[in-house]
Protein chains: 4
Amino acid sequence: MTFPLTSDRQSVAHVRVRYAETDKMGVVYYANYLVWFEVGRCEWLRATEFSYRQLEAEGIILPVIEAHCEYRRPLRYDEEVEVRTRGTMLSPARLRFDYEIVLSGAADPSAVGWTEHCGVDLQGRPRRLPPFVRRLFA
Amino acid sequence: MTFPLTSDRQSVAHVRVRYAETDKMGVVYYANYLVWFEVGRCEWLRATEFSYRQLEAEGIILPVIEAHCEYRRPLRYDEEVEVRTRGTMLSPARLRFDYEIVLSGAADPSAVGWTEHCGVDLQGRPRRLPPFVRRLFA
Amino acid sequence: MTFPLTSDRQSVAHVRVRYAETDKMGVVYYANYLVWFEVGRCEWLRATEFSYRQLEAEGIILPVIEAHCEYRRPLRYDEEVEVRTRGTMLSPARLRFDYEIVLSGAADPSAVGWTEHCGVDLQGRPRRLPPFVRRLFA
Amino acid sequence: MTFPLTSDRQSVAHVRVRYAETDKMGVVYYANYLVWFEVGRCEWLRATEFSYRQLEAEGIILPVIEAHCEYRRPLRYDEEVEVRTRGTMLSPARLRFDYEIVLSGAADPSAVGWTEHCGVDLQGRPRRLPPFVRRLFA
């Protein structure tokens, strides 16, 4: 098994912009895109009959170690948005997810970004991810 | 010891309105007042050389069982705000905090509210609060 | 037309608990229920082929003047939740929404609450709500 | 005037971790670091007798066009945190801020990151920043 392993699968999660997510500029506040990224990666994992909750039940968590976002067009209250996610296994203990935030019906993303994660146990020690995680990327 | 026991002490916590806390109406989003209430009651507890973190270390948490807020005047980005808090012990297991949200220098509160809390252990069972909590209200 | 006018209609919005919405107690942080209430009332208004965005386009906003929530059972990450909403017109300028937060498949609500709103124009002056709003409650 | 222009000035803003900012992992949720970055850059601007609010009064806003964060050590409820910020003017219309999130008393940052901003008018068109902004970086 050689890394990185990028899955062909792209998941799509749907969110509708909440009033709480806007700011006084009238558009979505920039930190909320990272919340949507998390919605996106949960959907990606869920679509594999695996959920993040399940991984936690095994005593492994996947904290974010790096996050990045490029904001191209603002999004507004009540708009419907797709969070398109792809996953890559970078090493036995590290994952990366790539995101596109797309206004429903639009050709180009309003924002793009990625996050990197490292498997750790509940004491915070790095841990190889169990085989069922690896299979998601095969 | 008869209930309710209301402490004479009022704590004051200072917050400055964050951009993230505004919404597209240009004012503070209504749910964020409950976040400030929490800042207020932590300050109230801290001022007694007791912190909520300490209570948790004893295996007791104080979840909110009821919350209420009246919004009288909007607050805006970058404004300095005082969170004035008073505490009442309603029964051996229940507390209430009363809050005033006051724009610095203003005579009247911009909002007022209260929360009620019940001591529970980590399994969610109601628990009498330890004596050091009771003394705060004496 | 006599007030209060309570519509028979109940809307149901679906939310799934986000990681961002949990706190260190492992359950949904209490202020986030007010965010869900807002999701609920938007859905209620949308279901009438009327949206809050449309009202704003007419120069009227509906700020919350009072909010209340009772927390009965905690909710956890990834759970699916229904936000059931009913609307009442209290007077020509005031509305009330009642909410039930129900874990999917559960018999009883995990939380219940309500909000009161007053129609104001962009200068903050109270305004009677336009006839198309009143018809929603007829 | 040649770009980039990096100011020597570093501002320090103080935040205390709020309960609302933690997640079920027991640590600060990753999107909240971007909220703190915003607190940091407001402080940086305020310390120059210039505030972001003042810029908005001139009809110019500074939306984030890119954000990045590296998470090195988790932060926990009630901890006191410094947000250390430096500013750079990249071009007549673009700014960059660099942040260090440091647990009070610690030698090394718990997280580091940066944001890039572009001056735009209220119609969203790019705008050169007014001279008083440039002087901040001289």
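Structural data are supplied above this passage.
Here goes a summary of the coordinates provided. For every chain, the first residue of its written sequence is number 1, and the numbers climb from 1 along that sequence. Each chain is given a letter, starting from A, and each ligand a number, starting from 1, according to the order in which they appear as written. Per-residue local features are limited, in this predicted model, to residues with pLDDT of at least 70; the limit for side-chain atom pairs, both in listing and counting, is 80 or more; totals at the level of whole chains, interfaces and linings are taken over all residues. Excluding hydrogens and water, the side-chain figures rest on all heavy atoms present in the structure.

**Considerations on the overall build of chain A**
Secondary structure summary: chain A contains three helices and seven strands in total. By definition, any uninterrupted DSSP run of H or I lasting at least four residues is a helix, any uninterrupted run of E lasting at least two residues is a strand, and each is numbered from the N terminus. Listed by position from the N terminus, the elements making up chain A come as β-α-α-β-β-β-β-β-β-α. The globule rule puts the C-alpha radius of gyration for 138 residues at 14 Å, and the 16 Å found for chain A is close to it. Dimensions of chain A, computed from the C-alpha atoms along their principal axes, are close to 45 × 30 × 25 Å. Residues counted as buried form 61% of the 138 residues belonging to chain A. In this description, contact between two residues means that some pair of their heavy atoms is separated by no more than 4.5 Å. Residue pairs in contact within chain A that sit at least 24 positions apart in sequence constitute 69% of those at least 6 positions apart. With residues, only the protein chains shown are counted as cover, and all accessible areas are computed by Shrake-Rupley using a 1.4 Å probe. Element-wise, carbon and sulfur atoms account for 47% of the exposed surface of chain A, whose accessible area totals about 5,800 Å². Positive and negative side-chain charges of chain A, numbering 19 and 19 respectively, have mean locations separated by a distance of 4 Å. Atoms counted for the radius of gyration: C-alpha only. Globule rule: 2.2 Å times the number of residues to the power 0.38. Between buried and exposed lies partly exposed: a residue is buried under 20% and exposed over 50% of the maximum accessible area for its type, with that area taken using a 1.4 Å probe on protein chains only. When charges are counted, Lys and Arg contribute as positive and Asp and Glu as negative, whereas His and the chain ends are disregarded. For the purpose of locating charges, the reference atoms are NZ of Lys, CZ of Arg, CG of Asp and CD of Glu.

**Details of the interface of chain C and chain A**
Contacts between the two partners involve 19 residues from chain C and, on the opposite side, 19 residues from chain A. Carbon and sulfur atoms supply 44% of the area that chain C and chain A bury against each other, a total of about 1,700 Å² over both sides. Note on definitions: buried area is the accessible-area loss of two parts on being combined, 1.4 Å probe, summed for both. In terms of surface lost to chain A, no three residues of chain C exceed R18, R53 and Y77 of chain C, which account for 37% of the buried area on that side. Here a salt bridge means any side-chain nitrogen of Lys or Arg lying within 4 Å of a carboxyl oxygen belonging to Asp or Glu. Inspection of the region where chain C meets chain A yields four salt bridges. Put simply, E21 of chain C and R18 of chain A hold a salt bridge, and the shortest N to O gap is 2.9 Å. What qualifies as a polar contact is a pair of N or O atoms within 3.5 Å, subject to a donor-acceptor requirement within protein and to the restriction that residues adjacent in sequence count only when both atoms come from side chains. One can count ten residue pairs in polar contact (both at pLDDT 80 or more) joining chain C with chain A. Sorting the residues of the side of chain C that touches chain A by element identifies β1 (5-16), α1 (32-46) and α2 (52-57) of chain C as the ones contributing at least two each. Taken together, the residues of the side of chain C that touches chain A sort by class into nine nonpolar, one polar and nine charged. Three categories are distinguished: nonpolar for Ala, Val, Leu, Ile, Met, Phe, Trp, Tyr, Cys and Pro, charged for Asp, Glu, Lys and Arg, and polar for the others, with Gly belonging to the last.

**Observations concerning the interface of chain A and chain D**
Taken residue by residue, the interface counts 24 residues in chain A and 24 residues in chain D. Between chain A and chain D the total buried area reaches about 1,900 Å² when both faces are included, carbon and sulfur atoms providing 58% of it. At the boundary of chain A and chain D, one finds two salt bridges. Here E56 of chain D makes a salt bridge to K24 of chain A, at a shortest N to O gap of 2.4 Å. In this assembly, chain A and chain D are joined by 17 residue pairs in polar contact (both at pLDDT 80 or more). For the side of chain A that touches chain D, the secondary structure elements donating two or more residues are α1 (32-46), α2 (52-57), β3 (64-71) and β6 (111-118) of chain A. With eight residues, the top contributor of residues to the side of chain A that touches chain D is β3 of chain A. Its residues placed into classes, the side of chain A that touches chain D shows 16 nonpolar, two polar and six charged. A pair of strands is considered paired only if DSSP assigns at least 2 bridges between the two. As judged from the five bridges shared by β3 of chain A and strand β3 (residues 64-71) of chain D, these two strands associate in the antiparallel manner. Counterpart to H68 of chain A in the pairing with β3 of chain D is H68 of chain D.

**Digging into the state of the cysteines**
By definition, a disulfide is the covalent link that joins the sulfur atoms of two cysteine residues. When two cysteine sulfur atoms lie within 2.5 Å, the pair is treated as a disulfide. Going through the model one piece at a time under the given rule, you end up with zero disulfides over all chains. Free of any disulfide, C69 of chain B has its nearest cysteine sulfur in C69 of chain C, 13 Å distant. The class for C69 of chain B is buried, based on a relative accessible area of 1%.

**Examining the relation of the copies chain C and chain A**
To superpose the copies, least squares is applied to the C-alpha atoms of every residue with a pLDDT of at least 70 in both. Overlaying chain C with chain A gives an RMSD of 0.0 Å, the required rotation being 180° about an axis along which the chain moves by 0.0 Å. Such a combination of rotation and displacement between the chain copies is what one expects of a two-fold axis. For chain C, the residue whose C-alpha comes nearest the rotation axis is V15 of chain C, separated from it by 4.7 Å. Taken together, the interface assignments show that 100% of the residues at the interface of chain C recur at the interface of chain A, consistent with an identical surface on both copies.

**Considerations on the relation of the copies chain A and chain D**
Superposing chain A onto chain D requires a rotation of 180° together with a translation of 0.0 Å along the rotation axis, leaving an RMSD of 0.0 Å. Comparing contact sets, 100% of the residues at the interface of chain A also lie at the interface in chain D, consistent with an isologous, same-surface contact.

**Notes on the sheet that holds strand β4 (residues 80-91) of chain D**
Sheets are built from strands that pair by backbone hydrogen bonding, the pairs being arranged parallel or antiparallel. Across the sheet, which stays open at both edges, the ten strands sit in the order β1(A)-β4(A)-β5(A)-β6(A)-β3(A)-β3(D)-β6(D)-β5(D)-β4(D)-β1(D) with antiparallel pairing between neighbours. Edge positions in the open sheet fall to β1 (5-16) of chain A together with β1 (5-16) of chain D, since each of these has one partner strand only. Along the sheet, successive strands turn relative to each other by an average axial angle of 15°, direction set aside. Relative to strand β5 (residues 94-103) of chain D, β4 of chain D runs antiparallel, the two being bridged by ten bridges. Across the sheet, the residue bridging to V83 of chain D is I101 of chain D, located in β5 of chain D. Docked against the sheet, helix α1 (residues 32-46) of chain D engages β3 of chain A together with β1, β3, β4, β5 and β6 (111-118) of chain D, running at close to 120° with respect to β1 of chain D. The axes used here are C-alpha line fits, helices contributing only the stretch in contact, and every angle between their N-to-C directions lies in the interval 0 to 180 degrees.

**Topic: the nonpolar core**
Counting residues in hydrophobic clusters, the biggest one holds 91 residues, and the most contacted among them are L34 and W36 of chain B together with L34 and W36 of chain C. In this structure L34 of chain B touches A67, C69 and Y71 of chain B together with Y29, Y30, A31, L34 and Y71 of chain C, once residues within four positions along its chain are discounted. Nine residue types can take part in a nonpolar core, namely buried Ala, Val, Leu, Ile, Met, Phe, Trp, Tyr and Cys, and a core is a set of them joined through side-chain atoms within 4.5 Å. The next biggest cluster of nonpolar side chains, apart from the first, holds 89 residues, and it includes L5 of chain A together with V17, V35 and F97 of chain D.

**Some details on unusual backbone geometry**
Here the bond from F3 of chain A into P4 of chain A is cis, since omega is -5°, no more than 30 degrees from zero. A positive phi angle, close to 75°, is found at D78 of chain B, a residue other than glycine. Residue placement: D78 of chain B occurs in the loop between β3 (64-71) and β4 (80-91).

Interpretation in functional terms is not warranted from these geometric data alone.
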